[in-house]
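# Structure assessment
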Amino acid sequence: MNHDVYISLGSNLGNRKSYLQQAIEAIATQVGTIVDIAPIYETPSWGFSGEAFLNTCLLCRTHLPAEEVMAQLLRIEYSLGRERIPNKKEYLSRTIDLDILFYDNKIINTEFLTIPHPLLQHRKFVLKPLASLNDTLLHPVLQKTIAELLNTTDDTSPVQRLSEQLAFPAQKSPFLHYKYIAIEGNIGAGKTTLATKIAQDFNAKLILEQFSDNPFLPKFYQNPKQYGFTLEMSFLTERYQQMSEQLAQMDLFKEFVVSDYDIFKSLIFSKVTLTEDEFILYRKLFYILYSQIIKPDLYVFLYQNTDRLIENIKKRGRDYEQNISPDYLKKIHYGYLDFIQKNTAINSLIIDVTDLDFVKHYSHYDLIVQKIREN
């Protein structure tokens with residue numbers, strides 16, 4: 001799930017505009033997509049005697065939780081020379097100052113973080129740029145809009161809007177040399193989550209496997225021998241139809257296509273679930289359809305060990321998956337590896353995500369993106 005985060009930026013040391021721009025670039029890389037940037041405002045130092053500040057605000061869209069956003073902002077501050085002194089309450093000059101103003105419409109009060117920012121209604125240098133982004137934004141605690149807060153603030157400091165503009169970061173896709181990427185992996189490996197995140201962050205057309213509506217899947221997990229062939233044939237026809245339609249309808253406004261499966265998985269799973277005679281017949285039908293499907297430019301396989309897969313399967317709580325055996329998962333795993341080893345003409349990339357949590361930790365997600373970029 002993406003979250004809208006309003007972040008204030010300020011600098012009163014050195015090349016102030018450069019520090020603001022560097023911070024914006026870093027936020028785009030480490031936090032999320034920059035949706036909008038307010039104009040620059042120059043204001044006297046607030047709460048202490050120092051050089052004048054350049055201040056602005058931005059709207060960032062991120063999948064990170066609020067605490068992780070704040071942690072990333074602190075890292076960015078440190079990388080740009082900001083020194084925070086623990087327990088020192090007086091204000092000091094700084095190369096960069098980054099604060100979360102709003103995180104969606106949530107109210108958060110922890111030892112580490114308070115959202116909305118507790119002083120924003122008393123700071124005209126925050127309210128002015130924030131109002132330029134969204135003056136109808138409602139403060140969830142005070143129940144007033146930013147426009148109302150700006151009109152009633154007790155801050156009488158002069159705030160001057162500058163003609164200079166800050167640039168949007170060049171958020172070009174790291175996958176421009178690919179037209180179609182397939183994210184694959186065993187049951188519970190995280191392929192749907194990763195494909196969805198990549199599509200959201202890099203403007204890709206997303207193709208997700210439509211398995212949840214398959215009426216044979218719960219029956220198969222209860223009685224694999226009886227429903228194996230029926231299940232695999234239904235999957236094959238559904239995957240073929242979906243891929244044929246989706247890949248033929250290219251979106252001019254998207255950079256590339258990313259899917260959470262490749263149709264070859266039908267052959268991998270069927271080899272495990274079907275009898276030898278059933279598989280021979282199935283394989284003939286499969287290759288007739290497979291020859292007509294566009295192949296991915298990159299085939300990414302997410303590896304997770306069996307214990308982690310079972311843990312993930314339990315977490316997502318699908319009733320019909322809870323009895324999947326470790327032995328079944330191992331057979332599927334070896335089926336994928338056999339496919340990758342034998343199909344050397346396919347551009348494949350295996351990424352071990354056993355010790356990665358790319359939902360909670362942006363650095364883990366960025367590591368995966370870099371591996372795909374560098375392949």
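Residues numbered from 1 in each chain as written. Predicted model: local features only at pLDDT ≥ 70, side-chain atom pairs only at ≥ 80, totals over all residues. Heavy atoms only, no water.

Looking at an unreviewed UniProt entry, one finds the protein named 2-amino-4-hydroxy-6-hydroxymethyldihydropteridine pyrophosphokinase, with Capnocytophaga bilenii as its source organism. Per UniProt, the protein carries the Function (unreviewed entry) text "Catalyzes the transfer of pyrophosphate from adenosine triphosphate (ATP) to 6-hydroxymethyl-7,8-dihydropterin, an enzymatic step in folate biosynthesis pathway." Regarding the protein, the UniProt comment filed under Sequence similarities (unreviewed entry) reads as follows: "Belongs to the HPPK family." (UniProt positions renumbered as here; feature names shortened; annotations may be inferred.)

Inspection of the secondary structure puts Ile 372 in helix H12 (residues 362-374). What Ile 372 contacts, discounting residues up to four positions off in sequence, is Phe 175, Tyr 178, Ile 181, Ile 198, Leu 298, Val 300, Leu 349 and Ile 351. (Helix = DSSP H or I, 4+ residues; strand = E, 2+ residues; numbered from the N terminus. Contact = heavy atoms within 4.5 Å.)

Contact geometry of helix H10 (residues 306-316) with helix H11 (residues 326-342) gives a least axis separation of 10 Å together with a crossing angle of 115°. Handedness of the H10/H11 crossing: right-handed. For the pair H10 and H11, contact is made by Thr 306, Leu 309, Ile 310 and Ile 313 and by Pro 326, Leu 329 and Lys 330, respectively. Residues belonging to the contact of H10 with H11 are distributed by class as follows: five nonpolar, one polar and one charged. (Axes fitted to C-alpha atoms, helices over the stretch in contact; angles between N-to-C directions. Left-handed = near helix turned anticlockwise from the far one by under 90°. Nonpolar A, V, L, I, M, F, W, Y, C, P; charged D, E, K, R; others polar.)

This part covers the packing of helix H7 (residues 224-248) against helix H8 (residues 265-273). Packing of H7 against H8 leaves a shortest axis separation of 10 Å and a crossing angle of 180°. In terms of axis orientation, H7 runs roughly antiparallel to H8. Here H7 contributes Glu 232, Leu 236 and Arg 239 to the contact with H8, which in turn contributes Lys 265, Ser 266, Phe 269, Ser 270 and Thr 273. Here the contact of H7 with H8 is composed, by residue class, of two nonpolar, three polar and three charged. (Parallel < 35°, antiparallel > 145°, perpendicular 65-115°, else oblique.)

To continue, consider a nonpolar patch on the surface. Taken together, Ile 107, Val 141 and Leu 142 make up a surface patch of nonpolar side chains, about 250 Å² in accessible area. Examined against the element boundaries, Leu 142 turns out to sit in the loop between helix H3 (124-134) and helix H4 (146-152). For Leu 142, a relative accessible area of 34% puts it in the partly exposed group. (Patch = residues over 30% accessible without salt bridge, like charges linked within 9 Å, V, L, I, M, F, W, Y side chains within 5 Å. Areas by Shrake-Rupley, 256 points an atom, 1.4 Å probe, with all protein chains shown as cover. Salt bridge = Lys/Arg side-chain N within 4 Å of Asp/Glu carboxyl O. Buried < 20%, exposed > 50% of the residue type's maximum accessible area, 1.4 Å probe, protein only.)

Moving on to the side chain of Gln 72. For Gln 72, the location among the structural elements is in helix H2 (residues 66-79). If near-sequence neighbours (up to four positions away) are discounted, Gln 72 is found in contact with Gln 30, Val 31, Leu 64 and Tyr 362.

With that out of the way, let us pick up the nonpolar core. In terms of nonpolar packing, the biggest core is built from 94 residues, with Ile 27, Leu 73, Ile 181 and Ile 372 touching the most fellow members. With sequence-adjacent residues up to four places away left out, Leu 73 is seen in contact with Ile 7, Ile 27, Val 31, Leu 98, Asp 99 and Ile 100. With 17 residues, the next largest nonpolar core counts Ala 38, Cys 57, Leu 120 and Leu 149 among its residues. (Core = buried A, V, L, I, M, F, W, Y, C linked by side-chain atoms within 4.5 Å.)

Our next topic: the pattern of salt bridges. Two side chains with opposite charge may pair up if their charged atoms get near one another. Tallied over the entire structure, the rule returns 13 salt bridges. A salt bridge links Glu 164 to Lys 17, with the shortest nitrogen-to-oxygen separation between them at 3.6 Å. With a gap of 147 residues between them, Glu 164 in the loop between strand S8 (160-161) and strand S9 (180-185) and Lys 17 in helix H1 (residues 16-30) connect regions that are remote in the sequence. By relative accessible area, which is 26% here, Lys 17 ends up partly exposed. Taking the shortest distance from any N to any O, the salt bridge between Lys 315 and Glu 311 comes out at 3.4 Å. Of the two residues, Lys 315 and Glu 311 are both situated in helix H10; the distance of four residues between them amounts to about one turn of the helix. Take Glu 311: its relative accessible area is 39%, and that puts it in the partly exposed class. Connected through salt bridges with shared partners, the residues Glu 77, Arg 82, Arg 94 and Asp 97 form a single ionic network.

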